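For reference, the chains in residue letters:
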Amino acid sequence: MKWFKKSKKSKPSIAEPQSFGNGHTRFDPPYSTPPASDIIARLPAPVLQRIFSFVCPHSQDETYESCEESAIEDTCMLCDLRDLAHCAQVCRKWKRLAPLVLYHSIRIDPVHYCALEDELAEKRKRRSRLNRNAEPEDTASARLRLLTRTLRENQGSYALSVQFLKTPYMTRETCKPDLARSVAVCPNLRYIDLPEGCYTDDPACHTLKQEVQGRCPDIRKMSYMGGSERSLELLIGGNLWRNLEVLELSRLTMDPNILRQALGSLRYLRALKVTDMKLFNDQLLQHNDYLPPFPTLDELIFENTPNVTVEGMIAYLNRPDTQNTLQTLSLTNTGIHPSTLHPVLSVAPKLTKLSIIESVSTSFPNGVPGLTSNSLHTLHFEITSASSANTYTITPSYYAYLTSSLLNRGLPALRELYVRDPDFPESLIGLAPPTAPFASDPDNFIPKPFAEGTENRRFSSNNPFADPSSPQYPPSQSRSRPAGLNQELEVYSKGLDEMEWNFSRVEPPRGHNRRGSASALRPVSSYGLSESMGKTWGTGAGARRSVIVGNGFGGFLKVPADGDGIGGRPSSSAGEKGKGRRGSQVDLWR
């Protein structure tokens, strides 16, 4: 049957060169370039997980901050979460890798921070044809219930990936049973937003706290407030939460020796915040032969602790291990006066952030050495008067002391400064003006061949721009002049009657009559202990930006700076365009 003969398949031939008349030869490849889908399929697992982290940035949030404080402003977290969930449905490989990123750091938001929320809010009201104006459902509670069901159904896979769980304030206060059921199947949990009752041993939160203590041994941050003294004693011996890194103590009344034993049992403690505790004194910081040593910390915050003085801080910082680790120190209404701050800086060579907030009633004493530190990067020097009647007679002496420390170059690494004096940036520039181009004195001009060995110190009284460091000034006047600012300094100033910080950048003189300024974001604390040092003061976050420029008459003006041209993160594919962004800290939903 010749009509049914099988046709022979032609084998792919090896590419043969094609010659052209001009002497050039081209080789045609026998196979075409593989499609992009094949390239993506060959990507290793770490690369794919890295790509997924850019789809949903908050899934990599590993800070110990609450849901409200760790929100990302330039995106909609729920839309990013939905996009990553869609990636898990592409293929089997992505379905295995995407949940590892999706369930690493979970946050539950009540609303969409984009234009999609308006449409969804209308759909939630229309539950049926007869009931078109029903009460809207609590979406955050519904999402928490769905999450609890998913985690309990996948205890061996998804639940083991959960390390951070953040929920809104009202959700964690009203949905304690759902939180307890979720915690019971998450043994690797490191941080969770708990209701206030868990920190005060409220009987209504007893079940939830027992689940956290029994099922989550790797918790890294915990708070103890007034009423939870017995729970704090459980830390003695290192049998409960031995990996704690961040600890908050507030309004506790207990034996200082027991408190010292509890703190000494935490080997991995890195940050401590003490608030409203009069029993916390210098003895807890000093050496004791019968008690474990006070833990070595990276961040130490004291608020309303009047019995902590400079003697206790120096005794703690004299230890070599603490000198090399302490980087952040915050003092608010403590026994450490601004005039006694310089010995603390002398024994803290690694300190990068310092905050002192005090209300003073007397002027700054005379004869105090200036502040000196080669490592200090951020300084909060917020001094106010205890009495409003003495505001303009007491506080200027404290800021004059700070100005002299800066102009004498005692803080060469300082880049950010926060003060409660609205005129502080102008005082820095006014005390160290640039040298004018006509500052030379023609009456005392000496040619270089005859300048050596000349003792002429006469100067003209009609020249206000003569350089005090020139030879015509006496040696005493030349040494008394401050050296001047040597680095760029970002100054955040605020008056007593102002609600927003005013931003100004002061630059050292680099030429004749030259000034420069810009704006920058404020660093964020990864421990989430201090509100004053952990908030970003960028665009839309409550800081007015200004530039200091000359007004042509020897003075300076504050001109608003342009900061709206900074590009943000691309929006999600859900269609967030068209309406104003909701991701602002002044948003009432937050």
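Values in this document were obtained by computation on a predicted structure and should not be read as measured data.

Criteria and thresholds
Residues numbered from 1 in each chain as written. Predicted model: local features only at pLDDT ≥ 70, side-chain atom pairs only at ≥ 80, totals over all residues. Heavy atoms only, no water. Salt bridge = Lys/Arg side-chain N within 4 Å of Asp/Glu carboxyl O. Helix = DSSP H or I, 4+ residues; strand = E, 2+ residues; numbered from the N terminus. Buried < 20%, exposed > 50% of the residue type's maximum accessible area, 1.4 Å probe, protein only. Phe/Tyr/Trp six-rings, centres within 6.5 Å; stacked < 30°, edge-to-face > 60°. Polar contact = N/O pair within 3.5 Å; in protein donor to acceptor, adjacent residues only side chain to side chain. Disulfide = S-S within 2.5 Å. Arc of directions from axis to C-beta. Contact = heavy atoms within 4.5 Å.

## What about the pattern of salt bridges?
Opposite charge on two side chains allows them to pair when their charged atoms are near.
Consideration 1: In this structure the tally under the stated criterion is 14 salt bridges.
Consideration 2: Here lysine 221 and glutamate 248 are joined by a salt bridge, their closest N and O atoms 3.4 Å apart. One end of the pair, lysine 221, is in strand E6 (residues 221-224); the other, glutamate 248, is in strand E7 (residues 246-250), with 27 residues separating them in the sequence.
Consideration 3: Residue lysine 221 is classed as buried on the basis of its relative accessible area, which comes to 12%.
Consideration 4: When the shortest N-O distance is used, the salt bridge between lysine 273 and glutamate 303 registers 4.0 Å. Here glutamate 303 lies in strand E9 (residues 299-303) and lysine 273 lies in strand E8 (residues 271-275), a separation of 30 residues in the sequence.

## Side note on the packing of aromatic side chains
Consideration 1: Taken as a whole and assessed by the stated rule, the structure comprises 14 aromatic pairs.
Consideration 2: An angle of 85° between the planes, with centres 5.2 Å apart, marks the rings of phenylalanine 364 and tyrosine 398 as edge-to-face. Residue phenylalanine 364 is found in the loop between strand E11 (353-360) and strand E12 (378-385), and its partner tyrosine 398 is found in helix H16 (residues 391-407); the two are separated by 34 residues along the sequence.
Consideration 3: The exposure class assigned to tyrosine 398 is buried, which follows from its relative accessible area of 0%.
Consideration 4: Consider the rings of tyrosine 418 and tyrosine 492, whose centres lie 4.5 Å apart with planes at 10°: the pair is stacked.

## Details of the side chain of asparagine 502
Consideration 1: Residue placement: asparagine 502 occurs in strand E15 (residues 501-506).
Consideration 2: The buried category is assigned to asparagine 502, whose relative accessible area is 6%.
Consideration 3: Reaching out from asparagine 502, the side chain makes a polar contact with the side chain of glutamate 498 at a distance of 3.2 Å.

## Description of the state of the cysteines
Consideration 1: One pass over the structure, following the stated rule, counts zero disulfides.
Consideration 2: Note on cysteine 76: no disulfide assigned, nearest cysteine sulfur contributed by cysteine 79 at a separation of 3.5 Å.
Consideration 3: Judged by its relative accessible area of 0%, cysteine 76 is buried.

## Describing helix H13 (residues 310-317)
Consideration 1: Every buried residue belonging to H13 is among Val310, Gly312, Met313, Tyr316 and Leu317, and all of these are buried. All buried residues of H13 fall inside an arc of 160° around its axis, so they share one side.
Consideration 2: Buried residues along H13 sit in contact with E9, helix H14 (320-323), strand E10 (328-332) and helix H15 (342-346).

Just geometry here; none of it tells us what the structure is for.
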